[in-house]
2 protein chains.
Amino acid sequence: MAQVKPMRADARRNYERLIEEAAVAFAEHGEGASLDDIAKRAGVGSGTLYRHFPNRQALLEAVYVDAIEAIAMRADEIAARLPPGEALVEWLNELSERMIQVRGLKTLLGSAVTDGSSAVLTACGSSVKGAATRLVEAAQREGTVRPDVEPIEILRLAHGVATASELANGEGKHIRRYLSLLTEGLRPERRRADGGPGPEN
Amino acid sequence: MAQVKPMRADARRNYERLIEEAAVAFAEHGEGASLDDIAKRAGVGSGTLYRHFPNRQALLEAVYVDAIEAIAMRADEIAARLPPGEALVEWLNELSERMIQVRGLKTLLGSAVTDGSSAVLTACGSSVKGAATRLVEAAQREGTVRPDVEPIEILRLAHGVATASELANGEGKHIRRYLSLLTEGLRPERRRADGGPGPEN
DNA sequence: ACCTGAACACCGTTCAAGT
DNA sequence: ACCTGAACACCGTTCAAGT
C-alpha cells in the first residue's frame with residue numbers, strides 16, 4: 001500500500017529534489033515562492049514540477065506532511081504527561097507556534113479546517129483533527145472544557161489566535177497570552193477555586 | 001486643512017474615477033484585483049494610477065476609508081443604546097461581519113492593528129482604535145471586561161475571530177458563536193449571577 | 001503638472017518535441 | 001513514461017515622450 005506504482009528512477013529523484021528545494025524556497029520567500037525558481041533550483045523543467053504537483057497547494061502539502069504528522073503525534077506525547085485540560089492548551093500553544101514559525105503552514109492548516117476543503121487536504125488534515133478530537137473530548141470528560149464545543153471549532157479558533165499573534169508581532173511571543181484569553185472562554189463557569197464540581201443541593 | 005493643494009481638474013477626476021472602479025474591482029475579484037485592469041476601466045494610463053496611489057495598499061485604503069470611519073462611528077451609536085459590556089460585543093460583531101463581507105477590509109484593518117504598521121495606515125486605523133478604546137474602557141469601568149486587557153488586543157482577537165469564522169464558511173454565520181466563546185474569556189470570573197461586585201471584606 | 005502607453009522583468013501554465 | 005524548455009497570457013512597475 002506504500003506505493004501504488006513504483007516511479008521510474010529519474011522521476012523519483014526529481015520528485016524528491018523538488019520537495020527539497022521547495023522547502024528551502026518556502027522558508028526563504030514564504031508560501032508564494034516562485035514555482036519556476038523551485039524547478040530551476042531542482043534542475044528540472046517547469047513542466048516536470050507541474051507533472052508531479054498540479055498546483056501550489058499540492059507542493060506545499062508534500063513539503064509539510066511530515067511537520068503536520070509530527071504535530072498530531074505531539075498531542076499524544078503531551079496527553080501522557082499532563083492532565084487533559086492543560087494538555088489541550090499546551091498542544092494548541094505548540095500548534096499555533098508552528099503555524100507562525102513555519103511559513104506556509106498556517107494557510108495549509110487553514111484549508112484543512114475549512115468547510116469545503118479539497119479531498120487532498122482533508123486527508124492531510126485528518127490526523128490533526130483526530131488529535132484535536134482526542135484532547136478536547138478528554139478535557140470535556142474531565143470537565144475543564146465546555147461540553148458544547150466541537151474540536152473543529154477549537155482548531156479554527158487556534159488558527160484565529162495564531163493570526164492575532166501574528167498581528168501583534170512577527171514571531172509568536174503573544175500566543176500564550178491570546179490563547180489564555182480564549183481558553184477562559186472554553187472552560188465551564190467556575191463556581192469554586194478548589195477541585196471537584198461539588199453538588200449544589 | 002481639507003485640501004493642502006487643490007488638484008488640477010483632470011487629476012481630480014481621474015483620482016475619483018480610479019477609486020470608483022477600484023471599489024468595483026475589489027468587490028468583484030477580491031483585494032488582489034489587477035491594478036492595470038482598474039486603470040483601464042477608469043480610462044487612464046497605468047502610470048496615472050501609480051501617481052495617485054504608490055501601491056495597492058494606498059488604493060485599498062482610499063477605497064475603504066469611508067467604510068472604516070462608518071465602523072468607528074457605529075461604536076458611539078451602539079454605546080448610546082446598550083450597556084457597555086453588551087455594546088462592546090455588539091460592535092465587535094458588526095466589525096467582524098464587515099471584515100468578512102467587504103473583501104479586502106480584513107487585510108486592511110489587519111495592517112492597521114499590526115505592530116509595525118505604516119504611517120498611512122495608522123492614520124486610517126486610529127479612529128477604529130479610538131472607538132475600541134472607548135468601548136473597552138467603559139466596559140472595564142462597569143466590571144464586565146477584565147481590567148488587564150488592552151483595546152488593541154481585543155481588536156486583534158476580533159480579527160482572529162473573523163478569520164476563524166471565514167474558515168467555517170464563506171459568510172459570517174459563525175461570528176456570534178466564536179465571539180461568544182471569546183468574550184467569556186474577556187469577562188472577569190463571575191462569583192455571582194446577581195449584579196454588583198459586592199465588597200468581599 | 002499631469003497623463004500616456006510602450007517597455008521591462010517576472011510570474012504561472014501549457015504543450016510540442018524530444019529521450 | 002517522463003522530461004525539456006520555448007511559448008503564451010498575464011501581472012506590477014517604470015519612465016521617456018507628450019500635452
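As the structure is a prediction and not an experimental result, all values here were calculated from the model. (Residues numbered from 1 in each chain as written. Chains lettered and ligands numbered in written order. Predicted model: local features only at pLDDT ≥ 70, side-chain atom pairs only at ≥ 80, totals over all residues. Heavy atoms only, no water.)

Brief notes about the protein's contact with DNA strand C
Here's step 1: Neighbouring DNA strand C are 20 residues; Tyr50(A), Arg8(B), Asn14(B), Gly45(B) and Thr48(B) lie closest to it.
Here's step 2: Sugar and phosphate atoms represent 67% of those atoms of DNA strand C found within 4 Å of the protein.
Here's step 3: The separation between a phosphate oxygen of DNA strand C and a polar side-chain atom of Ser34(A) is 3.4 Å.
Here's step 4: Within the side chain of Arg56(A), an N or O atom sits 3.4 Å from a phosphate oxygen of DNA strand C.
Here's step 5: Contributions of two or more residues to the surface near DNA strand C are made by α2 (35-41) and α3 (46-52) of chain A together with α1 (9-29) and α3 (46-52) of chain B. (Near = heavy atom within 4 Å. Polar contact = N/O pair within 3.5 Å; in protein donor to acceptor, adjacent residues only side chain to side chain. Helix = DSSP H or I, 4+ residues; strand = E, 2+ residues; numbered from the N terminus.)

What to know about empty space enclosed by the protein
All names here are of chain A.
Here's step 1: Across all of its chains, the model carries six cavities of 30 Å³ or more by this definition.
Here's step 2: Roughly 80 Å³ of internal volume is contained in the largest cavity.
Here's step 3: Forming the boundary of the largest cavity are Leu-95, Met-99, Leu-109, Ala-112, Val-113, Gly-125, Val-128, Lys-129, Leu-155 and His-159.
Here's step 4: Among the elements that line the lining of the largest cavity, the one with the most residues is helix α7 (residues 119-142), at three residues.
Here's step 5: Class assignment of the residues belonging to the lining of the largest cavity gives a composition of seven nonpolar, two polar and one charged. (1 Å grid on protein atoms, 1.4 Å probe; cavity = no way out; pocket = protein on both sides within 12 Å on 5 of 7 lines; lining within 4 Å. Points joined across faces, edges and corners; volume = space filled by probe spheres on them. Nonpolar A, V, L, I, M, F, W, Y, C, P; charged D, E, K, R; others polar.)

Notes on the protein's contact with DNA strand D
Here's step 1: Close to DNA strand D lie 20 residues; Arg8(A), Asn14(A), Gly45(A), Thr48(A) and Tyr50(B) are nearest.
Here's step 2: Counting only the atoms of DNA strand D within 4 Å of the protein, the fraction contributed by sugar and phosphate is 66%.
Here's step 3: Contact distances for DNA strand D include 3.0 Å between a base nitrogen and a side-chain N or O atom of Arg8(A).
Here's step 4: The separation between a phosphate oxygen of DNA strand D and a polar side-chain atom of Ser34(B) is 3.4 Å.
Here's step 5: Secondary-structure elements contributing two or more residues to the surface near DNA strand D are α1 (9-29) and α3 of chain A together with α2 (35-41) and α3 of chain B.
Here's step 6: The element that contributes the greatest number of residues to the surface near DNA strand D is α3(A), accounting for five residues.
Here's step 7: Across the surface near DNA strand D, the residue classes break down as five nonpolar, 10 polar and five charged.

Here's the deal with the packing of helix α8 (residues 151-168) of chain A against helix α8 (residues 151-168) of chain B
Here's step 1: The geometry of α8(A) relative to α8(B) is characterised by a closest axis approach of 7 Å and an angle of 140° between their N-to-C directions. When the interaxial angle is binned, α8(A) and α8(B) end up oblique. Handedness of the crossing formed by α8(A) with α8(B): right-handed. Residues Arg156(A), Leu157(A), His159(A), Gly160(A), Thr163(A), Ala164(A), Leu167(A) and Ala168(A) of α8(A) touch α8(B), and the partners they reach there are Arg156(B), Leu157(B), His159(B), Gly160(B), Thr163(B), Ala164(B), Leu167(B) and Ala168(B).
Here's step 2: The class makeup of the residues in the contact of α8(A) with α8(B) is eight nonpolar, six polar and two charged. (Axes fitted to C-alpha atoms, helices over the stretch in contact; angles between N-to-C directions. Parallel < 35°, antiparallel > 145°, perpendicular 65-115°, else oblique. Left-handed = near helix turned anticlockwise from the far one by under 90°. Contact = heavy atoms within 4.5 Å.)

Remarks on the relation of the copies chain A and chain B
Here's step 1: Rotating chain A by 180° and translating it 0.0 Å along the rotation axis places it on chain B, where the RMSD comes to 0.0 Å. Here the two chains are linked by the operation of a two-fold rotation axis.
Here's step 2: Interface overlap between copies: 100% of the residues of chain A at the interface are likewise at the interface in chain B, consistent with a symmetric, same-surface contact. (Least-squares fit on C-alpha atoms with pLDDT ≥ 70 in both.)

Some words on the environment of Leu182(B)
Here's step 1: One can find Leu182(B) in helix α9 (residues 175-186).
Here's step 2: As a C-alpha pair, Leu182(B) and Leu82(B) span 100 residues in sequence and 20 Å in three-dimensional space.
Here's step 3: Not counting residues up to four positions away in its chain, the partners in contact with Leu182(B) are Leu181(A), Leu182(A), Leu157(B) and Val161(B).

What to know about the domain arrangement of chain A
One widely used convention gives an interface's size as the accessible area the parts lose upon coming together.
All names here are of chain A.
Here's step 1: Per the domain assignment, the segments of chain A are domain 1 (9-54) and domain 2 (63-186).
Here's step 2: Summarising the inter-unit geometry, the C-alpha centres of domain 1 and domain 2 are found 29 Å apart.
Here's step 3: Each partner contributes to the interface: domain 1 provides nine residues, whereas domain 2 provides five residues.
Here's step 4: Taken together, the connections running from domain 1 to domain 2 amount to zero salt bridges.
Here's step 5: Our enumeration of links across domain 1 and domain 2 arrives at two residue pairs in polar contact (both at pLDDT 80 or more).
Here's step 6: Among the residues making up the side of domain 1 that touches domain 2, the classes are represented as five nonpolar, two polar and two charged. (Domains from an automatic or database assignment. Salt bridge = Lys/Arg side-chain N within 4 Å of Asp/Glu carboxyl O.)

Side note on helix α6 (residues 105-112) of chain A
Here's step 1: Taken across its eight residues, α6(A) has seven buried, putting it largely inside the fold.
Here's step 2: The complete set of buried residues in α6(A) reads Leu105(A), Lys106(A), Leu108(A), Leu109(A), Gly110(A), Ser111(A) and Ala112(A). (Buried < 20%, exposed > 50% of the residue type's maximum accessible area, 1.4 Å probe, protein only.)

Things to note about the packing of aromatic side chains
Residue and element names in this part refer to chain A.
Here's step 1: Following the criterion strictly, the structure yields two aromatic pairs over all chains and no others.
Here's step 2: Both rings, one in Tyr-15 and one in Phe-53, keep their centres 5.3 Å apart while their planes meet at 25°; by these two values the pair is stacked. Of this pair, Tyr-15 sits in helix α1 while Phe-53 sits in the loop between α3 and α4 (56-81), placing them 38 residues apart in sequence. (Phe/Tyr/Trp six-rings, centres within 6.5 Å; stacked < 30°, edge-to-face > 60°.)

What about the side chain of His159(B)?
Here's step 1: Structurally, His159(B) is set in helix α8.
Here's step 2: On the basis of relative accessible area, His159(B) is assigned to the buried category, the value being 6%.
Here's step 3: Excluding residues that lie within four positions of it along the chain, His159(B) makes contacts with Thr163(A), Leu167(A), Met99(B), Lys106(B) and Gly110(B).

Let's talk about the side chain of Glu90(B)
Here's step 1: Its place among the elements puts Glu90(B) in helix α5 (residues 84-101).
Here's step 2: Glu90(B) sits in the buried class, given a relative accessible area of 19%.

Observations regarding the pattern of salt bridges
Here's step 1: Taken as a whole, this structure holds 30 salt bridges over all chains when the rule is applied.
Here's step 2: One salt bridge connects Arg12(B) with Glu16(B), and the closest N-O pair in it is separated by 3.4 Å. In this pair, Arg12(B) and Glu16(B) both sit in helix α1, four residues apart, roughly one turn of the helix.
Here's step 3: When its relative accessible area of 36% is taken as the criterion, Arg12(B) is described as partly exposed.
Here's step 4: What makes Glu16(B) partly exposed here is its relative accessible area of 37%.
Here's step 5: Between Asp76(B) and Arg134(B) there is a salt bridge, with the nearest N and O atoms lying 3.2 Å from each other. A residue pair is termed long-range when its members are at least 10 positions apart, and Asp76(B) in helix α4 (residues 56-81) and Arg134(B) in helix α7 (residues 119-142) qualify at 58 residues.
Here's step 6: Residue Asp76(B) is classed as partly exposed on the basis of its relative accessible area of 41%.
Here's step 7: One connected set of salt bridges, linked through shared partners, spans Arg146(A), Asp148(A), Glu153(A) and Arg177(B).

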